[in-house]
Structure formats: structure tokens, C-alpha cells
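# Coordinates in review
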Amino acid sequence: MTGSTQIPYLLRAARGEVLDRPPVWMMRQAGRYMKVYRDLREKYPSFRERSENPELAIEISMQPFRAFQPDGVILFSDILTPLPGMGIPFDIIESKGPIIDPPIRSLEQIEKVHPLDPAESLPFIREILQTLRQEVGDKATVLGFVGAPWTLAAYAIEGKSSKDYTIIKSMAFSEPAMLHQLLGKIADSIAVYVRYQIDCGAQVVQMFDSWAGQLSPQDYETFAMPYQQRVVQQVKATHPDTPMILYINGSAGLLERMAQSGVDIVSVDWTVDIAEARQRLGSNVGVQGNIDPCVLFGSQDFIRERILDTIRKAGNRGHILNLGHGILPGTPEENAAFFFETAKQADKLLAVHA
């Protein structure tokens, strides 16, 4: 394309164009592994302040862009950010994670959950996304993100992170109608939130159903997939051209079902070979991933080999290079830099290593 309005690389991949290299970004690329972030966190210890104060959130979102020039810049936020606007307050305690107190356990509490009005309860999201779009121009794609209904309901019902999800699963298996009511309310509000993020400047939106990998396939089809579909269908009705990505941790057993959610791209973790993932997902669905975050603790030769292997297997159409989950705290920053550099030279390196 001529002129100054080039379509950013990640957006082209998300639309299924054949490219000479895959675009690259990392989940959790803004955060704890970067010294500039840790220094800022010491000054502003509250996570909610860091993510809900536009000036801080913009600065944090831009830190990895300035350092590494990834193809995607993601809004620094949390999947729980919209919950207070629905009447579900939360706090994030450093080293403990999110706390929802009181957790949602009764029909009376579920009935009090109200629709989200993001312009009223999340005005900072507009300022953050609009500014990010201005800051990165057409040099990168601005990504928004949201939590999926099952995972948000799991947080709200468990009240915190969980290892076995007994509380939400016992509700699912003994009082399903009550849980479906909550999931439906969350889905409708999340659809509104996705549209709001797009209207504010997000060019691609990733939906995290992080905890849906804890469900058996039949329970995924009952409690997770229909609500992912409900979000996607409502968003696509008004914003058909905005690509959506779905990520589930531990999703190797669910890939075919994830493709039925209606999203454009499925983000896969490292427990499945990406060539097999492509086969299982079919040719109409793009793929994101899927390097084990621990690879970045290896030697640079090892990191290069894994990147090139992943790119070879994923092919040159509809692939976004990423980790299979978030970058880990303690990852050497020079290895993160090497990951991005290698990905951006992948076409030349593959020709040499062919």
C-alpha cells in the first residue's frame, strides 16, 4: 500500500494474508520481567491504580514497545477490570492475586449483577486505547482484551484463584440454572465491553478463558463454549471486521471446540504441536503461539531453533507468533529482546536454515 496508512502486520495476519514472516508479540509482555516496570511498581504498589490510571497504564503498555518493537501493543489491564461496573467489586493483592469478597454464591447475589455501561464505569479504557493508537500509529496493532464468561464467573464464585474449581463446578453440577443466569449476564456485558474497546481504538481483541481448560469437553460445551459464542456473535453483529482471538490455558483437548466459538484465531499453548493444532482447527481459523515461556530461559541458539521450528510448522498464513502463555517473571530481558529480533528476521533465517 502506498501513502502513510499502512495496515499493521499483525492485523494483516489476523485477516489471513500470506506474509513473509509472522507478526510477533507476547502475552504479559508489559510487566514483571522488565526492570522499568518493577521500578514503576515500587512507586505505585496498587495494581488497580497502575491499570486504571491512564497515564500509568499507557506508560506500562508502551514499555515493551519502546524496548522491543513488537507487532502488537496490548492494553495493560486485567480481565476483572469490568466487574465493578457490573456490581462485583474486586481487589488485587500482590503475590496473592485477585480477591472477590464476598464471592457470588446465591441467586439473590446473581440477580443484583447488572449490565455494564463501560463509558460510565471504565472511562479510563477509552483514554488508554485512544492514546495507544496515536502513540504506535501504523507501526503496530493495538490489542484489547477481555475475560470470557466462564473464567470471570469462576473468579466471582470461587472468590480467588483456585486449583480445583470445586465451588463453581459444584454449582454447575447441582444448580446449573443459577450458574447459567450468571454466565448469560456476564456474556452480554463482556460483548458490550469488547465493542467499547474496539470503538476506543482496539484493532484486535483477545478473549481469555484461562480456566476453561479445567472443564471436561462435555462441560466445556455446556458452560463455556455457548457463552464464548454469545460474546463473539454480539461483537460480530456490530464489528464484523475486527478479528478476535481466543486463549485457553491447557486447551490441547479442546481445540476443535474452540474453533466453534466463532473467533478468527485460536491461541494455543505449548502442550500441542502447532502443526497438529493447525490440522485440528481447520484452514478457516488462524493460530497464535505457541512457544513454551521457559524456552526464554534457554540459550539463544536454542531460542532461535524453537522459533524457526514453530514458524515452519505454522506456515505463512494466519499465524501470529507468541508464547503459549504469559512471559514469566525472571525471564532475562536480553532473551526477550532476542525473541523479538529473531522473529522479525525469520524470513532471512529460514532461508539460511532451509
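Located above this text is the structure these notes cover.
All figures in this text were calculated on a predicted structure; none of them were measured in a lab. (Residues numbered from 1 in each chain as written. Predicted model: local features only at pLDDT ≥ 70, side-chain atom pairs only at ≥ 80, totals over all residues. Heavy atoms only, no water.)

Per the secondary structure count, the chain includes 16 helices and nine strands. A compact globule built from 354 residues would reach a C-alpha radius of gyration of about 20 Å, and the chain, at 19 Å, matches this within 12%. Taking the principal axes of the C-alpha coordinates as reference, the chain spans close to 65 × 45 × 40 Å. The 354 residues of the chain split such that 55% are buried. Relative to all contacts within the chain whose residues are 6 or more apart in sequence, the contacts with residues 24 or more apart total 73%. In the structure as shown, the chain presents an accessible area of about 14500 Å², 49% of it carried by carbon and sulfur atoms. (Helix = DSSP H or I, 4+ residues; strand = E, 2+ residues; numbered from the N terminus. Rg over C-alpha atoms; globule rule 2.2 N^0.38 Å. Buried < 20%, exposed > 50% of the residue type's maximum accessible area, 1.4 Å probe, protein only. Contact = heavy atoms within 4.5 Å. Areas by Shrake-Rupley, 256 points an atom, 1.4 Å probe, with all protein chains shown as cover.)

Before going further, it helps to examine empty space enclosed by the protein. For the structure on display, the rule yields one cavity of 30 Å³ or more. A volume near 30 Å³ is recorded for the largest cavity. Looking at side-chain class alone, the lining of the largest cavity contains three nonpolar, four polar and two charged residues. (1 Å grid on protein atoms, 1.4 Å probe; cavity = no way out; pocket = protein on both sides within 12 Å on 5 of 7 lines; lining within 4 Å. Points joined across faces, edges and corners; volume = space filled by probe spheres on them. Nonpolar A, V, L, I, M, F, W, Y, C, P; charged D, E, K, R; others polar.)

For the rest of this paragraph, the subject is the sheet that holds strand β8 (residues 286-291). With respect to topology, seven strands assemble into an open sheet ordered β1-β4-β5-β6-β7-β8-β9, the strand pairing being parallel. The open sheet has two edge strands, β1 (72-74) and β9 (319-323), and neither has a second partner. Across the sheet, the mean angle separating the axes of adjacent strands is 25° when strand polarity is ignored. Looking at chain direction, β8 and β9 are connected through five bridges and run parallel. Of the residues in β9, the one forming a bridge with Ile-291 is Leu-323. Lying on the sheet, helix α13 (residues 274-281) is in contact with β7 (265-267), β8 and β9; it crosses β8 at an angle near 155°. (Pairing = 2+ DSSP bridges. Axes fitted to C-alpha atoms, helices over the stretch in contact; angles between N-to-C directions.)

As a further point, take the packing of aromatic side chains. Taken as a whole and assessed by the stated rule, the structure comprises 10 aromatic pairs. Centre to centre, the rings of Tyr-33 and Phe-68 are 6.5 Å apart; their planes meet at 20°, and the pair counts as stacked. One end of the pair, Tyr-33, is in the loop between α1 (9-14) and α2 (35-43); the other, Phe-68, is in helix α4 (residues 54-68), with 35 residues separating them in the sequence. Phe-68 sits in the buried class, given a relative accessible area of 9%. Between Tyr-165 and Trp-211, the ring centres sit 4.8 Å apart and the planes meet at 65°, which makes this aromatic pair edge-to-face. In this pair, Tyr-165 is assigned in the loop between α8 (149-158) and α9 (166-174) and Trp-211 in the loop between β5 (204-208) and α11 (217-238), connecting sequence segments 46 residues apart. An aromatic cluster is defined as three or more aromatic residues linked by ring pairs; in this entry it consists of Tyr-33, Phe-68, Phe-339 and Phe-340. The positively charged end of Arg-21 is found above the aromatic ring belonging to Tyr-9, 4.5 Å away from the centroid. Note that Arg-48 overlies the ring of Phe-90, its terminal NZ or CZ placed 4.4 Å from the centroid. (Phe/Tyr/Trp six-rings, centres within 6.5 Å; stacked < 30°, edge-to-face > 60°. Lys NZ or Arg CZ within 6 Å of the ring centre and 35° of its normal.)

This brings us to the pattern of salt bridges. Within the structure shown, the criterion is met by 13 salt bridges. In this structure, Arg-280 engages Glu-256 in a salt bridge whose closest nitrogen and oxygen atoms are separated by 2.8 Å. Pair noted here: Arg-280 is in helix α13 and Glu-256 is in helix α12 (residues 255-259), with a separation of 24 residues, a long-range link. Each of Asp-273, Asp-309 and Lys-313 takes part in salt bridges that share partners, so that together they form one network. (Salt bridge = Lys/Arg side-chain N within 4 Å of Asp/Glu carboxyl O.)

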